[in-house]
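As a plain string of letters, each chain reads:
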Amino acid sequence: MLALVVMLVNSRLFAQIAPSLPFFSVTVFAAGVLLAWRFNSSRILFSLLVLLLAHRAVDFFSAGQTNTGPGRTPIALAALLVPLNFIAFAQMRERGLTIAGIAPRFALLFIQSVAFAVLCRPENSPARAHPPGAASIPLWILLSFAAAVAVFIRRFFQTRKPIEPGFVWSVAAVFLWLQFAPTGKMSDAYVATAALILAASLIETSYVLAYHDELTGIRGRRAFNESLLSLDQQYAIAIVDIDHFKKFNDTYGHDVGDQVLCMVARRLSQVGGDGQAFRCGGEEFAIIFRNTSAKEAFEQLESLRQNIERSTFHVRTAERRAERRAASKNAESDLRKTESDRRKSQKKNADLRRDSRPRLSTEAQLREHDNPDHLSVTVSIGVAEPSTRYRQPEKVIQAADQALYRAKNKGRNRVELASTAPLKLAAGKRAKASRL
């Protein structure tokens, strides 16, 4: 979008489309506000409001004189405040369009608007003129743009949501606006493009959340169901289940369970044979192999199973660190109490020596707990392909489920091919197999 606008504003066609830019700008901002309201996103709503206020403020206070001191002051202030506001809205907790969510943002914009108006008064701005070829944005203010880009890139690697790159390109559009065309029709084009990028990134983020699992980042159940509709005659479906997953949650907590799910999802997304991994719910995953037989998929799945079995990670949760600190404090308290009792009475030396053994054991346990826990994860996999007995994807999934249960009954941590025998599922297993 930004590249297209840059080409248009520097081409001969721009003079023809310039009269329609006000209508385009109003339409984009109105659509962006409606989308932000529909998706309950105060971040996008107030970012659009910041763009609109900055655009109007630069037009009003500069009065078309971008080379004089009073005309350059609003440009510099807008270049400083717009990226910083984007960063502030990104760091604020998203509470939707509630009073608690919008009141702090409104207060922030009100304070900035008052300060902007005061600083842009003629008596507060330098009167000296600048050379025509001088940059509109001072060099030190460019740091705000660099900081915004760095923040949004870091947030993208943390969240993997398209809205963060959307803010990066929106900041780039704001820079082009204030640097090369602070006022006039070109400024309308750049500002409207910045707003359009934010609205488009909001739509793309909602799509990603709908079709991808938010925890693991791989495709979700809705994407899996739609992929089943486009399968050809030759394909294979594998059902993957993490072995003893409930024990991870019961022993280490749900935070560690989430880490296990993310680790397994990363390994599944790296499966060979053009396989596509999906999270279907809980600790259960599915992999679709297009134009691949079950035997060919078996080789890829066996390599995947071995890769997951060799993968280990360290457990350092907040709860376990709190337990170690509490145990350390208790041990220190016992030692101080022992020293006090020793000074009071020499008759208890024998008892104190006997009591020192469990204390040494406690200290040894503390030293042992300082080492991170090493968890090894395994998975059981069942894979099936269409046959004369079952052609529909739902039947293939049930056959892969049956193979999965057979893998678990044989000791887990193995891959099983679906049997060619007639499909027979117990009542309880049939209910679980029909979840897809």
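Structure: above.
Structure report, in brief. What you see is a predicted model; the values in this text were computed from it and never measured.

## Thoughts on the sheet that holds strand β2 (residues 276–281)
Taken in spatial order, the 5 strands of this open sheet run β2-β3-β1-β6-β7, and their pairing is mixed. Every other strand in the sheet has two partners, leaving β2 and β7 (415–417) as the edge strands with one partner each. Here the strands of the sheet are splayed against their neighbours by 20 degrees on average, with no regard to which way each runs. Where strand β1 (residues 235–242) lies against strand β3 (residues 284–290), 7 bridges are found, and the strand directions are antiparallel. Bridging from a neighbouring strand, Val240 pairs with Phe285 of β3. Strand contacts of helix α12 (residues 254–269): β1, β2, β3 and β6 (379–384), with the helix running at about 5 degrees to β3, the strand carrying the most contacts.

## Quick notes on helix α6 (residues 99–119)
Over its 21 residues, α6 runs 30 Å from end to end, which matches the ideal 30 Å to within 8%, given 1.5 Å per residue. Every buried residue of α6 is accounted for by Gly101, Arg105, Leu109, Gln112 and Phe116. Along the axis of α6, the buried residues cluster in a sector spanning 65 degrees; they form a single face. Facing away from the buried side of α6 by over 90 degrees, the exposed positions are Ile99, Phe110 and Ile111.

## Points about the side chain of Gln179
Residue position: Gln179 is located in helix α8 (residues 163–180). Polar side-chain contacts of Gln179 include one of 3.5 Å to the backbone nitrogen of Ile137.

## A short note on unusual backbone geometry
In this structure, Arg160 is a non-glycine residue whose phi angle is positive, near 60 degrees. Within the element layout of this structure, Arg160 appears in the loop between α7 (142–159) and α8. Arg160 gets classed as exposed once you look at its relative accessible area, which sits at 51%. Positive phi outside glycine occurs at Asn291, with the angle close to 55 degrees. Tracing the backbone through its elements, the reader meets Asn291 in the loop between β3 and α13 (294–310).

## Regarding the packing of aromatic side chains
Aromatic ring pairs are reported here in terms of the distance separating the ring centres and the angle at which the planes meet. Counted according to the given criterion, the structure contains 11 aromatic pairs. Look at Phe60 and Phe61: their rings are 5.0 Å apart centre to centre, the planes differ by 85 degrees, and that puts the pair in the edge-to-face class. Here Phe60 falls in the exposed class, since its relative accessible area comes to 63%. For Phe61, a relative accessible area of 25% gives the class partly exposed.

## Side note on the nonpolar core
It is characteristic of soluble globular proteins that their nonpolar side chains tend to be buried jointly. Ile44, Leu51, Phe86, Phe152, Val174, Trp177 and Leu178 are the most contacted members of the largest nonpolar core, which totals 50 residues. At the level of elements, α1 (2–9), α3 (21–38), α4 (42–62), α5 (69–91), α7, α8 and α9 (185–211) are the ones that each hand at least two residues to this core. Listed in part, the 30 residues of the second largest apolar core include Ala236, Val260, Val271 and Val379.

## Quick notes on helix α16 (residues 393–409)
Between its first and last C-alpha atoms α16 spans 24 Å; for 17 residues at 1.5 Å apiece the expected length is 24 Å, and the two agree. Among the 17 residues that make up α16, 13 are buried, leaving the element largely enclosed by the rest of the structure. Looking one or two residues beyond α16, the residue adopting positive phi is Gly411, at roughly 115 degrees.

## Things to note about the environment of Trp37
Looking at the element boundaries, Trp37 is found in helix α3. Sequence spacing of Trp37 and Gly96 is 59 residues, and the spatial spacing of their C-alpha atoms is 8.8 Å.

## Considerations on the packing of helix α11 (residues 245–252) against α12
In contact at an axis separation of 7 Å, α11 and α12 are set at 145 degrees when each is read in the N-to-C sense. In this structure, α11 uses Phe245, Phe248, Asn249 and Tyr252 to contact α12, whose residues at the interface are His254, Val256, Gly257, Val260 and Leu261. Grouping the amino acids of the contact of α11 with α12 by side-chain chemistry returns 6 nonpolar, 3 polar and no charged.

The rules behind each value
- Residues numbered from 1 in each chain as written.
- Predicted model: local features only at pLDDT ≥ 70, side-chain atom pairs only at ≥ 80, totals over all residues.
- Heavy atoms only, no water.
- Pairing = 2+ DSSP bridges.
- Helix = DSSP H or I, 4+ residues; strand = E, 2+ residues; numbered from the N terminus.
- Axes fitted to C-alpha atoms, helices over the stretch in contact; angles between N-to-C directions.
- Contact = heavy atoms within 4.5 Å.
- Expected span 1.5 Å × (residues − 1).
- Buried < 20%, exposed > 50% of the residue type's maximum accessible area, 1.4 Å probe, protein only.
- Arc of directions from axis to C-beta.
- Polar contact = N/O pair within 3.5 Å; in protein donor to acceptor, adjacent residues only side chain to side chain.
- Phe/Tyr/Trp six-rings, centres within 6.5 Å; stacked < 30°, edge-to-face > 60°.
- Core = buried A, V, L, I, M, F, W, Y, C linked by side-chain atoms within 4.5 Å.
- Nonpolar A, V, L, I, M, F, W, Y, C, P; charged D, E, K, R; others polar.

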